Amino acid sequence: MIPTAGRVRETDNMRAAMTPIDPEICATLRAATRVVILTGAGVSAESGIPTFRDKQTGLWERFEAAELATPRAFERDPALVWGWYEWRRAAVFRAQPNAGHRAIAAMAARVPEFTLITQNVDDLHERGGSRDVLHLHGEIASPRCEVCGIPHALPSEMPELSPTDGRLEPPHCESCGGRIRPGVVWFGESLPSAPWARAREAARRSEVFLVCGTSSLVQPAASLTDMAIAAGAATIQVNPHRTEADDSVRFILRGTAATVLPQLIADTWS
Ligand code: BV8
Ligand code: ZN
């Protein structure tokens, strides 16, 4: 992370909502034409979706998420990894977008050039009203054939996972018989070139870059914040905890997505 000149401005928005947002942030946001938001698992936390840093629960308690989100894990035990993704997909299916997702969609309507980039594989941004979301790490509801690459249509009802170990054999491609894999980007795999190119371009042109709900540990997604800083953007971090980006962003709003983001909209455009 590139340290910014001048002191980082942190305001504590952990208390109940209604903590006013720093007026300089609101004025900067209101005046901006090109605004970019980068989100991570934290924006879905208040919808009940565990983040990557949260301890795994239930049948996958003894595994680290980052261990399971790899091609090697899928090769070694396809039924364990496919079962994990189906269990996560069911959790997303049952979840609802939260006030943070909806505030991001509302912001897009108020900004001339708005880009939403997410590391998340859920569809809560779309269900919260956002359009044209750049998914850098793929989408959990879009599995594909490992061999011919065609998308695989999942059944609408959630399949039964084995109650003892959560395993579920992955299905096979109707066209070539190849094995179906989750439609996400695993560790060690490259990001999809089109969303990644658009995300870099947006960060480099941004006037305001808001990073929300990410530990900023996973690369190369986290490098977008540095690209925005290098381009002279005003950078704002929304997170209840310290992260890798704390020492480089210009403003920190210490609070959760579902509390801070609606407040930011209200104080900026009301
Ligand atoms: C690649 C899909 C190379 C799967 C995911 C430098 C350059 C390039 C690569 C690397 C590099 N250094 C290291 C690497 C390797 C690796 C990497 O980054 N490792 C890390 C762990 C060090 N990167 C890769 O492998 C990437 N691939 O670069 O390929 C290459 C190059 C050329 C040719 C071939 C190959 C691919 C990375 C993508 C991995 N896939 N997801 C799945 O979901 O199962 S990443 C995964 O982590 C999720 O997408 C998740 O979103 C993401 C990041 O985590 P966060 O979103 O930040 O979530 P986290 O839990 O960490 O933090 C949550 C945050 O929310 C916290 O800060 C918390 O405080 C906050 N929070 C909590 N509650 C709230 C909240 N915030 C707001 N409100 C709340 N209520
Ligand atoms: Zn196929």
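Calculation notes
- Residues numbered from 1 in each chain as written.
- Chains lettered and ligands numbered in written order.
- Predicted model: local features only at pLDDT ≥ 70, side-chain atom pairs only at ≥ 80, totals over all residues.
- Heavy atoms only, no water.
- Axes fitted to C-alpha atoms, helices over the stretch in contact; angles between N-to-C directions.
- Helix = DSSP H or I, 4+ residues; strand = E, 2+ residues; numbered from the N terminus.
- Parallel < 35°, antiparallel > 145°, perpendicular 65-115°, else oblique.
- Contact = heavy atoms within 4.5 Å.
- Nonpolar A, V, L, I, M, F, W, Y, C, P; charged D, E, K, R; others polar.
- Donors = N, O, S within 2.8 Å, 3.2 Å for Na, K, Ca; no water.
- Tetrahedral: all angles 85-135°; square planar, octahedral: opposite > 155°, others 65-115°.
- Core = buried A, V, L, I, M, F, W, Y, C linked by side-chain atoms within 4.5 Å.
- Buried < 20%, exposed > 50% of the residue type's maximum accessible area, 1.4 Å probe, protein only.
- Near = heavy atom within 4 Å.
- Polar contact = N/O pair within 3.5 Å; in protein donor to acceptor, adjacent residues only side chain to side chain.
- Areas by Shrake-Rupley, 256 points an atom, 1.4 Å probe, with all protein chains shown as cover.
- Domains from an automatic or database assignment.
- Buried area = accessible area lost by both parts, 1.4 Å probe.
- Salt bridge = Lys/Arg side-chain N within 4 Å of Asp/Glu carboxyl O.
- Expected span 1.5 Å × (residues − 1).
- Arc of directions from axis to C-beta.
- Phe/Tyr/Trp six-rings, centres within 6.5 Å; stacked < 30°, edge-to-face > 60°.

**Student:** It is not clear to me how the packing of helix α1 (residues 23-31) against helix α10 (residues 257-269) should be interpreted in this structure. Could you clarify?
**Tutor:** Packing of α1 against α10 brings their axes to within 9 Å, and their N-to-C directions diverge by 75°. Classified by the interaxial angle, the pair formed by α1 and α10 is roughly perpendicular. The residues of α10 that touch α1, namely those facing I25, C26, L29 and R30, are L264, D267, T268 and W269. Here the contact of α1 with α10 is built from residues that sort into five nonpolar, one polar and two charged.

**Student:** Looking at this structure, how should I read the environment of H241?
**Tutor:** Looking at where H241 falls in the secondary structure, it is placed in the loop between β8 (234-238) and β9 (251-254). Once the C-alpha coordinates of H241 and T214 are considered, the two residues, 27 residues apart in sequence, prove to be 9.8 Å apart.

**Student:** What's the story with the coordination of the zinc ion (ligand 2) in this structure? I'm lost.
**Tutor:** For a metal bound by four donors in tetrahedral geometry, the ideal donor-metal-donor angle is 109.5 degrees, whereas six donors in octahedral geometry ideally sit at 90 or 180 degrees. At 2.2 to 2.3 Å from the zinc ion (ligand 2) lie its protein donor atoms, namely C145 (SG), C148 (SG), C173 (SG) and C176 (SG). In this structure, the zinc ion (ligand 2) is surrounded by four donor atoms whose angles at the metal cover 100 to 120°, and the resulting shape is tetrahedral. Along the chain, the residues donating to the zinc ion (ligand 2) fall in the pattern C-x2-C-x24-C-x2-C.

**Student:** Just to check I follow, could you spell out unusual backbone geometry for this structure?
**Tutor:** Most peptide bonds are trans, and most residues other than glycine sit at a negative phi. In this model, Q219 is joined to P220 through a cis peptide bond whose omega is 0°. Tracing the sequence through the fold places P220 in the loop between β7 (208-212) and α9 (223-230). Of note, the phi angle at S216 is positive, near 55°, even though the residue is not glycine. Mapped onto the elements, S216 comes out in the loop between β7 and α9.

**Student:** Which parts of the structure should I look at to understand the nonpolar core?
**Tutor:** Nonpolar side chains in soluble globular proteins generally cluster together in the buried interior. If you look at the biggest cluster of nonpolar residues, it comprises 27 residues, and the most contacted ones within it are M107, L210, L261 and L264. With five residues, α10 is the largest single contributor of residues to this core. Sequence-distant contacts of L210, defined by excluding residues within four places in its chain, comprise V36, I37, L38, I236, V238, L261 and L264.

**Student:** In this structure, what is going on with the site of ligand 1? I would like to understand it.
**Tutor:** As a matter of local geometry, ligand 1 sits amid 36 residues, with R53, Y85, G188, T214 and S215 nearest to it. In this structure, an oxygen atom belonging to ligand 1 sits 3.4 Å away from a side-chain N or O atom of T51. Relative to its unbound accessible area of 1,500 Å², ligand 1 is 73% covered by the protein chains. At the level of secondary structure, the elements contributing two or more residues to the shell around ligand 1 comprise α2 (42-45) and α5 (78-94). Residues that form the shell around ligand 1 fall into these classes: 16 nonpolar, 16 polar and four charged.

**Student:** How should the domain arrangement of the protein chain be read in this particular structure?
**Tutor:** Often, the extent of an interface is quoted as the loss of accessible area on bringing the components together. Under the domain assignment, the protein chain is made up of domain 1 (8-47 + 97-138 + 191-270) and domain 2 (50-94 + 144-181). Using C-alpha coordinates to define each centre, domain 1 is positioned 29 Å away from domain 2. Facing ten residues of domain 1, the contacting portion of domain 2 comprises six residues. Taken together, both faces of the contact between domain 1 and domain 2 bury some 510 Å²; the carbon and sulfur share is 63%. Where domain 1 meets domain 2, there are zero salt bridges. At the boundary of domain 1 with domain 2, the tally comes to one residue pair in polar contact (both at pLDDT 80 or more).

**Student:** I'm lost on helix α8 (residues 193-205) in this one. Help?
**Tutor:** One turn of an α-helix holds 3.6 residues; hence residues three or four places apart share an orientation. Its 13 residues give α8 an end-to-end C-alpha distance of 18 Å, which sits within 8% of 18 Å, the value for a rise of 1.5 Å per residue. For α8, the set of buried residues is P195, W196, A199, A202 and A203. Buried positions in α8, seen along its axis, are confined to an arc of 130° and lie on one side of it. Packing partners of the buried residues in α8 comprise β2 (34-39), β3 (113-118), β4 (134-135), β7 and α9.

**Student:** What should I look at first to understand α9 in this one?
**Tutor:** Here α9 lies mainly inside the structure; seven of its eight residues are buried. In this structure, the buried side of α9 is in contact with β2, β3, α8, β7 and β8. Just downstream of α9, G232 is the residue with a positive phi angle, here 85°.

**Student:** I would appreciate a short explanation of the packing of aromatic side chains in the present structure.
**Tutor:** The relative placement of two aromatic rings is captured by the distance of their centres and the angle of their planes. One pass over the full model with this rule turns up five aromatic pairs. Ring centres of W60 and W87 lie 4.9 Å apart, and the angle between their planes is 35°; this geometry places the pair in the tilted category. Pair noted here: W60 is in the loop between α2 and α3 (65-68) and W87 is in helix α5, with a separation of 27 residues, a long-range link. For W60, a relative accessible area of 1% corresponds to the buried category.

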